Every structure is written in structure tokens, then in C-alpha cells.
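# A look at the structure
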Amino acid sequence: MANEAFANSWQTQLVPEFNKRFPNVKVVVDGVPYAELLPKMMLDAVNADPEYDVLVIDDPWVPQLATVGALADLKSKDVAALTSPDYDWDDFNAAPLAAGEWKGKQYAVPVRSNMLLMFYNRTLYKKAGVPEPTPKLTWDEFFTQAKTLVQDTNADGKEDAWAVDTYFVRDSLTPTIWQAILNANGGKLLDESGAPAFNTEVGAKSLDMHKDLAKYGPPGALGHGYSEALQAFRQAKVAVMFNWGSVYKATAIDANSTTLKEDEVGIQVMPAGSARAGTHRGIWNAGVSSKTKNLQASWTFLQWLSSKEGEKVSASLLGSFPARKSTLGSKPEEKWLEPVYRTLQQSYELAAEGEMWRIRSPKSNAAQQVLADEVARAIAGQVSSKEALQAAATKIKSTLR
């Protein structure tokens, strides 16, 4: 079971490659709309005769599925007996592998890694006379440059290109932009006891910065989210987009979906705050159903998909991002992946250092919805950032109790 956005590509491109090695394992990938995916998996988990052998899981859902007993421990004796000696668990970067862990057990492995990154348009930077960003770019420097990146590119007296676009609308992923800034400034979502720790001066300042990005965005930016930001960047209407790195291929390479050329698009980690540069983890994991009757076949497929070979095939065919250090340290078959691999490795290290991921809890979805609601209120100007975070902290403390 996989998100429908990539289920078809898995079925038509990855499964045939897998069957070259393992022709006796039949794999059928069921695409499910994102909003329905977790509820369907939860229902399947309590079914006496589950329909699915392998579950594809978004980053914050592993604790919830593990808690209800839906997933097999991939390091248990039964699975270990089926694991190839060269699988090499230590080769995974810590941050993406940890997305599939809960309470000391490994319930899933990364199969489509993703990180929140900074895309930039070299042509618009050059026209504005602004130096291209580097991983050392700070948020203060970015906001100073943003004023210049709002420009009239055809000299007709009207602004026709803007500095930035990203998530501003009420959406479960909108808070990840604020959180990337928060973590870059040394803040955390939760303290060591599991209580909300974001309701601070640093938290409010970081949310104000997220809100201020819209001042340098295109008209109507406050109503923009994933799709709108992507469209604006692909049409060269904005110089910078903060979005998920997995859109790189369709944004810089695929002429069917973008007006940009490969040499126009740069990619790097998000600007640095007072503590470090920024990013945010978004790992698609896959695990084996704890009730599967096809353990060997299920783990054979999943093991291949997350192996060194499988990662390289997936990256080459689909542009999917790998999680293994060896893959990221190798020379990719596709030249466009070279800058992506460098940036991914840096972002994984930053994520591990700054704990740059959503709340890890069986109630993570409910907590994320609280953040989505309150961050949206602040961005829309209905309440101050301080008031929004105070309300969010109170609600999340109760939710996680």
C-alpha cells in the first residue's frame, strides 16, 4: 500500500526491476489518496485477516501504527534470519532510519526519503544582482536580499518576479516551515520530558519570520501552499522556494512540468539561524504487517527496495532520494543528482543534530493539526505569534497527556 502519487511509478518501473532479481515474488501496489492512507492502514491493522503485507508510512505515523501492533520488528530474530548479510543497517544515515524506529524497535525502513530544502532560480538572482545563496546564508541576510529579489524583470515598471514562495495556508505541513526556522534558531518542539517547548521568545520570533516571508511573496501568497509555491517557482515568478526536495526532478529536469532548465535551478539547505542551517525531515518509510502470511516475500521486496542496489535503481528511474551514506557518497548515474546528493547528506546531518522532525507520538497527527490551526491563525494575522504558540502549547500538552 502506497500513496497514490508514486504507487503507479513503483508498479510500472520499480517492480519490474525487482522481478529481474526475484521473479517468483508477485508485487501489487495499491495507491491510496494521502488523506485516506493512515485511516485505511489503521483499519487494516485491526482486521483479523489484513489485506496488505507491506505498508508505506509517512514520517510521523510510525509510532501510531507500532502502538496498535500493526508492524513487525524488522530486527527481530524471524526477520533477521531472512536478512542478507550485506544489507548493512549501519550504512543508513541516522535521521532517516530513526523515522522508522519506535521505543527501541525498528518497524520500518526509509524507501522514499525527503527533506525540506531551499530551491533558487539562478537567472532571477543574476538579474537582481544578488549573489547565489550558499549553506552559510543566514536568515537575516536572506531577508535583506529578499527586498532586491522582488523585481521588474522586463523593465515595464511593474514587479513581475518576487523573492519567495512556500507554505502559508492552513495545512498540516505549513508548520514545518516555522519549525525549520525554530530548529535553526536552537529551539525545539518538545523538551526531554515530552512537554511543549516551543512557546518561547525564540518560537515566536521564528513564527514571525515565517509570516514575514509572505511580504516578499507573489500576490495572494497568504493563500499559497505546496502546489501554488511549486507552480510559481516553476514559472520563474519567484527566486526562492522552500519546499520538499523530492520535487527537484520535476522542477529542474522534466520539460513537461517546468519552464526552467537544469542549470537555472540551485538546491541547498535552508538558511541558518542562530544555531545552525535549517531543514525538516519527511521520510516515507515502509514496514511489514505484523500479521502477514508472506513474511519472506514481503521482506525480500522491502529489503531490496531499501538496499544499496534498490536505492540506486529508485533514484535513477524515479528521482527518489536515498537514505544510505554509501549511495549519497557515490557518483550517481544521473548527473543532475550530484548536487542533490551533497545537499541531502548535509540535511540529514543537520536533522539529526537539531531534531528536525515532527512530534514523535502515537498522537502525532492530532498534535500536528493543532500546530496547523494555530500557525495558520498567526500567519493570517488573527492573533500574534506569541498568542498562537501559547494556545498551541496548551492544546498539545493536553493532547499528548
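Scroll up for the structure.
So, how was this worked out
Residues numbered from 1 in each chain as written. Predicted model: local features only at pLDDT ≥ 70, side-chain atom pairs only at ≥ 80, totals over all residues. Heavy atoms only, no water. Helix = DSSP H or I, 4+ residues; strand = E, 2+ residues; numbered from the N terminus. Rg over C-alpha atoms; globule rule 2.2 N^0.38 Å. Buried < 20%, exposed > 50% of the residue type's maximum accessible area, 1.4 Å probe, protein only. Contact = heavy atoms within 4.5 Å. Areas by Shrake-Rupley, 256 points an atom, 1.4 Å probe, with all protein chains shown as cover. Pairing = 2+ DSSP bridges. Axes fitted to C-alpha atoms, helices over the stretch in contact; angles between N-to-C directions. Expected span 1.5 Å × (residues − 1).

## A few points about the overall build of the protein
Assigned secondary structure in the protein consists of 17 helices and eleven strands. Over its C-alpha trace the protein gives a radius of gyration of 21 Å, about what one expects of a compact globule, namely 21 Å for 401 residues. Along the three orthogonal principal directions, the C-alpha set of the protein runs to about 65 × 50 × 30 Å. Counting every position in the protein, which comprises 401 residues, the buried fraction comes to 57%. Partitioning the contacts of the protein with sequence separation of at least 6, the portion at a separation of at least 24 is 73%. Here the protein has roughly 17000 Å² of accessible surface; of this, 49% comes from carbon and sulfur atoms.

## Some remarks on the environment of L318
Tracing the chain through its elements places L318 in helix α13 (residues 308-318). Distance in space between the C-alpha atoms of L318 and R112 is 10.0 Å, their sequence separation being 206 residues.

## A word on the sheet that holds strand β11 (residues 284-288)
Taken in spatial order, the three strands of this open sheet run β3-β11-β6, and their pairing is antiparallel. The open sheet terminates on both sides in strands that have one partner only, identified here as β3 (54-57) and β6 (109-112). When the angles between neighbouring strand axes are averaged without regard to direction, this sheet yields 40°. Sheet analysis places β3 next to β11, joined by four bridges and oriented antiparallel. Following the sheet pairing, V56 is matched in β11 by A286. Its contacts with the sheet place helix α12 (residues 295-305) against β3, β6 and β11, and it is angled at close to 155° to β11.

## Description of helix α15 (residues 337-354)
When the terminal C-alpha atoms of α15 are compared, their 25 Å separation across 18 residues agrees well with the 26 Å that a helix rising 1.5 Å per residue should span. Turning to α15, its buried residues are L337, E338, V340, Y341, T343, L344, Q345, S347, Y348, L350, A351 and G354. Following α15 by one or two positions, E355 has its phi on the positive side, about 50°.

## A look at unusual backbone geometry
The phi angle at A236 is positive, at roughly 60°, despite the residue not being glycine. Inspection of the secondary structure assignment puts A236 in the loop between α10 (226-234) and β9 (238-244). Owing to a relative accessible area of 26%, A236 belongs among the partly exposed residues under this scheme. The phi angle at E355 is positive, at roughly 50°, despite the residue not being glycine. Structurally, E355 can be placed in the loop between α15 and α16 (364-379).

## Here's the deal with the side chain of Q64
Here Q64 lies in helix α3 (residues 62-67). The class for Q64 is buried, based on a relative accessible area of 18%. The contacts of Q64, once residues within four sequence positions are left out, are L38, M42, S361, P362 and N365.

## Quick notes on the sheet that holds strand β10 (residues 265-268)
If you walk across this open sheet you meet the four strands as β8-β9-β7-β10, and the pairing is mixed. Looking along the sheet, the strands with just one partner apiece sit at the ends: β8 (162-165) and β10. In this sheet, adjacent strand axes meet at a mean angle of 20° when their direction is disregarded.

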